[in-house]
Amino acid sequence: MTENPFLNLTYEPALEALGDDYYDVVVAASFPQHILRFRNDDLLPRLNLEPDNVSDFDFIEAFGQFQQRSPLMALRYHGYQFGDYNVALGDGRGFLYGQVRGTDKVLYDFGTKGSGTTPYSRNGDGRLTLKGGVREILASEALHGLGVNTSRCFSLVETGESLWRGDEPSPTRSSVMVRFSKSHIRFGTFERLHYLGRADLMSPLLDHVIEVYYAHLLGIQDPQERYGQFYAELVQRVAQLAAQWMSVGFCHAVLNTDNMSITGESFDYGPYAFMDEFNPRFTAAYFDYMGRYSYGNQPRVCEWNLRMLQKPLALIMAAEDLETGLARYRDHYYAAYKQKMLTKLGFGELLPELGDELLRLTLELLEKTQVSYHDFFTGLTGQFSPQWCEDPEHILQTTVENSDDEAATLLKAWRFHYHTCLTTLSSEEITQIGQCLRQHNPTTVLLRPEIEAIWEPIVAEDNWQPFYDLVAKLQDPFGEG
């Protein structure tokens, strides 16, 4: 038996057992070089592994050379891309490496990116640029640190090939990444079955999803009721995820239905960005010419994607149950978003009408002044004082002094209402506001200049230390920075 702990894990054939109507068995590419650039030791205890007992070569052998694992499965799916249905999809540069039960009893996927061609590569080479791998690590670790429900990167291996890409200086360096997530089953997995008219494959897939990822619903005896509860919960999970993105200022950029997980988990990060100045029309992807996936559109796009998922689910579910589930989306979203934003403003709870108005005034202030989203909350955190309860003129006094007339006018209305909210709290609750602000407003934010700043030394002198330093800060974003 090999001494590599990854090869000795107990892999479960959960998806494999469904049969090859859902995937194609593929072979991993052979690479000329293997240099481990990132290992996520934070995840190893979840596999009952101690970081000191896992070598860099263990990572390379398992997740760069892909030794002793079979089958490697490229998953089949379709999807709506920028609103148009696309049948030419599927895992084109990755595969499901294996599924492992964590110490928390949750089943996790190891999924690759950049591991070679598959039947769905079309004219692509099945590879991943090194910068693409670095960007996904940064996105997933940043979002995880901020409390967003996200997949994470498990490892990144540089593979020694030169790649040509039209959107990057070429040739560029190559890599293979392994993603650690709850599931790689997508909305598009179901949409493909609808396109093929395979209702017979829909029930086994949905039963599998419920058994593995919504097991608490198995006690519902009636299948139709169980399916209805599944969809209603998925709607709630997606609404909460959208609220998490919006509260941290994150723009995913490519919310096609093949990038929507059936577990409501965020994954697959391409041209994402955290916005700087608050702007609902902010668009992260240069090719999103119409702004379909702009920051402000994300909640509506997620709702639209859930509606498109109704088409395949309607093959085995009642349309009424689907509509009932989706009807709650906007309420779920607003409740989650409001709560997230109130905590960023320092409040655990407020009377509903006070909280609604504070949120409205905050968003109006941010949008009309187009201030830095993160700087506003950082300033609020740094300037907060219990004296604010005595007189609204004390609130953000430094910010007001440095504002133009229009911004000062908007701030005045905001300060008055913020003061009104403070007056409803007890003295004990007032003392907790500063702590709440510090716990929910990061000192480290992953803006584009930070990504370029760590990428430059990698390109110029193969210096990875700035990257590792940034990852450490993103994993503790509420620290001293």
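A quick note: this is a predicted structure, and the numbers were derived from the prediction, not measured.

A. Up close: the UniProt feature "binding site: Mg(2+)" (unreviewed entry) in the protein. Mapped onto this numbering, the UniProt entry gives "binding site: Mg(2+)" (unreviewed entry) at N259 and D268. Apart from residues lying up to four places away in sequence, N259 is in contact with R186, H252, V254, F267 and D268. Its location among the elements puts D268 in the loop between β11 (250-251) and β12 (273-274). Setting aside its immediate chain neighbours within four residues, D268 contacts K113, E136, R179, R186, H252 and N259. In this structure the side chain of D268 is engaged in a polar contact, spanning 3.2 Å, whose partner is the side chain of K113.

B. Here's a closer look at the UniProt feature "binding site: ATP" (unreviewed entry) in the protein. Taking the numbering used here, the UniProt-annotated feature "binding site: ATP" (unreviewed entry) corresponds to G90, G92, R93, K113, D125, G126, R179, R186 and D268. In terms of the greatest pairwise C-alpha distance, the residues named above, spread along 179 residues, do not form a single cluster, extending to 22.7 Å across. Examined against the element boundaries, R93 turns out to sit in the loop between β5 (84-86) and β6 (96-101). Ignoring anything within four residues of it in the chain, the contact list for R93 reads T112, K113, G114, S115, G116, G126, R127 and L128. Along the chain, R179 falls in strand β10 (residues 172-181).

C. Just the domain arrangement of the protein, in detail. You can read the domains of the protein as domain 1 (5-184), domain 2 (209-339) and domain 3 (347-439). On a C-alpha basis, the centroid separation for the pair domain 1 and domain 2 is 23 Å. Facing 31 residues of domain 1, the contacting portion of domain 2 comprises 31 residues. In this assembly, domain 1 packs against domain 2 so that about 2,500 Å² is buried in total across both faces, 56% of it on carbon and sulfur atoms. If you look at where domain 1 meets domain 2, you find 3 salt bridges.

D. Fine view of a nonpolar patch on the surface. On the surface, a nonpolar cluster with roughly 290 Å² of combined accessible area is contributed by V87, Y195 and L196. Here Y195 is to be found in helix α3 (residues 187-196).

E. Spotlight on the packing of helix α9 (residues 352-369) against helix α12 (residues 405-422). Closest axis-to-axis distance for the α9/α12 pair is 10 Å, and the angle between their directions is 160 degrees. It follows from the interaxial angle that α9 and α12 lie roughly antiparallel. The two elements α9 and α12 meet at a crossing, and its hand is left-handed. Touching L354, E357, L358, L361, T362, E364, L365, K368 and T369 of α9 are A407, L410, L411, A413, W414, H417, Y418, T420 and C421, all from α12.

F. Highlighting the pattern of salt bridges. This structure, assessed with the given rule, holds 30 salt bridges. Between R152 and D42 there is a salt bridge whose closest N-O contact spans 2.9 Å. Of this pair, R152 sits in strand β9 (residues 152-163) while D42 sits in the loop between β2 (35-39) and α1 (56-63), and the two are 110 residues apart along the sequence. A network of salt bridges, in which partner residues are shared, links D91, K113, E136, R179, R186 and D268.

G. Spatial organisation of the packing of α3 against helix α6 (residues 298-313). Where α3 meets α6, the axes come as close as 8 Å, and the angle between the chain directions of the two elements is 40 degrees. Between α3 and α6, the angle falls in the class oblique. Where α3 crosses over α6, the two elements pack in a sense that is left-handed. Between α3 and α6, the contacting residues are F187, F190, E191 and H194 on the first element and N305, L306, M308, L309, K311, P312 and L313 on the second. When the residues that make up the contact of α3 with α6 are grouped by side-chain class, the tally is 7 nonpolar, 2 polar and 2 charged.

The rules behind these values
- Residues numbered from 1 in each chain as written.
- Predicted model: local features only at pLDDT ≥ 70, side-chain atom pairs only at ≥ 80, totals over all residues.
- Heavy atoms only, no water.
- UniProt positions renumbered as here; feature names shortened; annotations may be inferred.
- Contact = heavy atoms within 4.5 Å.
- Helix = DSSP H or I, 4+ residues; strand = E, 2+ residues; numbered from the N terminus.
- Polar contact = N/O pair within 3.5 Å; in protein donor to acceptor, adjacent residues only side chain to side chain.
- Domains from an automatic or database assignment.
- Buried area = accessible area lost by both parts, 1.4 Å probe.
- Salt bridge = Lys/Arg side-chain N within 4 Å of Asp/Glu carboxyl O.
- Patch = residues over 30% accessible without salt bridge, like charges linked within 9 Å, V, L, I, M, F, W, Y side chains within 5 Å.
- Areas by Shrake-Rupley, 256 points an atom, 1.4 Å probe, with all protein chains shown as cover.
- Axes fitted to C-alpha atoms, helices over the stretch in contact; angles between N-to-C directions.
- Parallel < 35°, antiparallel > 145°, perpendicular 65-115°, else oblique.
- Left-handed = near helix turned anticlockwise from the far one by under 90°.
- Nonpolar A, V, L, I, M, F, W, Y, C, P; charged D, E, K, R; others polar.

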